[in-house]
Structure formats: structure tokens, C-alpha cells
Amino acid sequence: GMALMLAERAERPLEWPGLGRRAPPPFTLVLADDSAALARLTRGRAPGWGAGVAFPGARTILLRADLPRLEQTLRHELGHLVLRDSIRGRLPLWFEEGYASLGSGEFDRSDALALNLAVAAGRVPTLRELDAMLRGSAVSADLAYGLAASAVDELARRPAPGGLAPLLRRLAEDEPFAAALLASTGQNEEQFEAAWRGGLRRRYNLVTWLVTGGLWAIMAFSLGVLWWERRRRDRPRREALNVGWELPPEEPPEPGEVDPQPPPQ
């Protein structure tokens, strides 16, 4: 039942970065019971922490059925199939995994925070080091997927005529990655790496400030401005409520009534 549900979701066309709306090519979906079953089915090619594996050449996706977020994991692996359905040439590992991660939308606020803290600590790897991290332990791989997604996002945010779509078109025409990157961005791999790392530091250093107290300062200031603006708008209404109100004159106390106020000394 779970496999059928996932298969029905998978055949729906989705929007993919730089490629537009499209459905994946026909493929075989296999659900493995656990990590041991996944390792056995992939002949040891899946890491112990892996949630899924895609074999684009064989058009096969294997997922661990004992883990949560199966739909999102499936979409990540579909990103590999969709990308490789258009591009046959060799691609850097960071680009392949970054594209699948960006296309699946799998990174939430906690992942962004982990990425931010890593960048704030000065740990921004080179793209070659990023490839090694993607093959490493579960801890380094989690961070590496976020970094890879940010690198592909850096390409996607480039204004026209640059950006991800021109790069993918050139790659689909069997142009080597380095040449396609230079033609679509005007930067070679070293220049793009420097721009990506610099942009990452600038962007996530701001997030660090927000997370570590700046956000609360902004919220307090915003609430103060809203309170002042509300009082300014309400001032005419409050003054209008005072119009026509007059206190009646005080009546002298009745004979024998005790004045509650003490007599002046």
C-alpha cells in the first residue's frame, strides 16, 4: 500500500529548478525494510545512514521503508532521475546532490540553522572538499547536502542571461561542466567557488545575528513602533470621548454626616 501511494505521487508532474514542470521517466520503485536490506539490495553501495538510493542508468529508486519523510526522500531521488533524463555527461557530485536537494525542498529551518552555525564557525569547504563530505559520515553528510543545495541555489539566483536554466541547456547538449559553467555564468570553477563561499558567509552571518538576538531586537522595536502608531491613531478618538463630560458640583454633607477627610492642621 505504501509503495502504491508513493508511485501515484511520483507520476505527477512537478516543477524542477531550471528544467520547468515535468514528470519523471518510467522507473522501478523498491522499498527496503531497513538499513540492512538496503545495503543488501544495493550490494553495499548505500551508506548505513542513507534513506534512499537512485540508479538513473537503470531507472531504479530504492527507499528505506522504516524512516519518516518517505515522500520527500522519494522526491530527492526523483531529482536525480529527472536531471539525468536530460543530461548524460559527467557532473560533479556536489552539483548532482545539490540539485536533488534543492529540487526536493527538503531543507527546513533547523537545517538552515545548522548550516548557518557551520558557516559562522568559518567552516566553508571548497567544492572538492564538499564532494568528500558527501561521501563521509552522517554528520558531515547532513551539512554537506545543505552546502551543496546552497551552491546550486547560487546558480539558480543568477539573473538572466545567466542562471541554472542556461547551464542545464548547455549540459544537455553534452558540453563539459566547466565549459558550460563558464559560458552561462562568466566564471570558471575557481571564480564561482569564491563567489559562492563569499556569498554564503555574508548571507548566513546575517542569520547568525538574527538567531543570536538580533531577531528579538527587531521584534521589540517593531512592537514599539506599532504601539506608538496605535496611540497616535487613537488620540483623536480618546479626545472626542472627553467632550461634554463635566463633573457635577460637590454637595455639602448632610447634618450629622462625618466628613471622611481629616480637618487641616
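Look up a bit, the structure's there.
Because the structure is a prediction, the values reported are computed rather than measured. (Residues numbered from 1 in each chain as written. Predicted model: local features only at pLDDT ≥ 70, side-chain atom pairs only at ≥ 80, totals over all residues. Heavy atoms only, no water.)

Trainee: Go over the overall build of the protein with me, naming the residues and quoting the values.
Mentor: Regarding its fold elements, the protein presents ten helices and five strands. The buried share of the protein, reckoned over its 265 residues, is 37%. Within the protein, counting contacts between residues at least 6 apart in sequence, those at least 24 apart form 63% of the total. (Helix = DSSP H or I, 4+ residues; strand = E, 2+ residues; numbered from the N terminus. Buried < 20%, exposed > 50% of the residue type's maximum accessible area, 1.4 Å probe, protein only. Contact = heavy atoms within 4.5 Å.)

Trainee: With reference to specific residues and values, describe the sheet that holds strand β5 (residues 60–64).
Mentor: Within a sheet, adjacent strands bond to each other through the backbone by hydrogen bonds, running parallel or antiparallel. Reading across the sheet, the three strands line up as β3-β5-β4 and stay open at both edges, with mixed pairing between neighbours. Where the open sheet ends on each side, the last strands, each with one partner, are β3 (28–32) and β4 (52–55). Ignoring strand direction, the axes of neighbouring strands in this sheet form an average angle of 15 degrees. The pairing of β4 with β5 spans four bridges and is antiparallel. (Pairing = 2+ DSSP bridges. Axes fitted to C-alpha atoms, helices over the stretch in contact; angles between N-to-C directions.)

Trainee: So what's going on with the nonpolar core? Residues and values would help.
Mentor: Counting residues in each nonpolar core, the largest one holds 44 residues, and the members touching the most others are Trp94, Phe95, Leu167, Leu168 and Leu171. Tallying contributions element by element places helix α7 (residues 138–156) first for this core, with nine residues. With residues near it in sequence (within four places) discarded, Phe95 still touches Leu83, Val152, Leu155, Leu164, Leu167, Leu168, Leu171 and Phe177. One finds Ala37, Leu38, Ala46 and Leu62 within the second-largest nonpolar core, a separate group that totals seven residues. (Core = buried A, V, L, I, M, F, W, Y, C linked by side-chain atoms within 4.5 Å.)

Read these as geometric descriptors, not functional statements.
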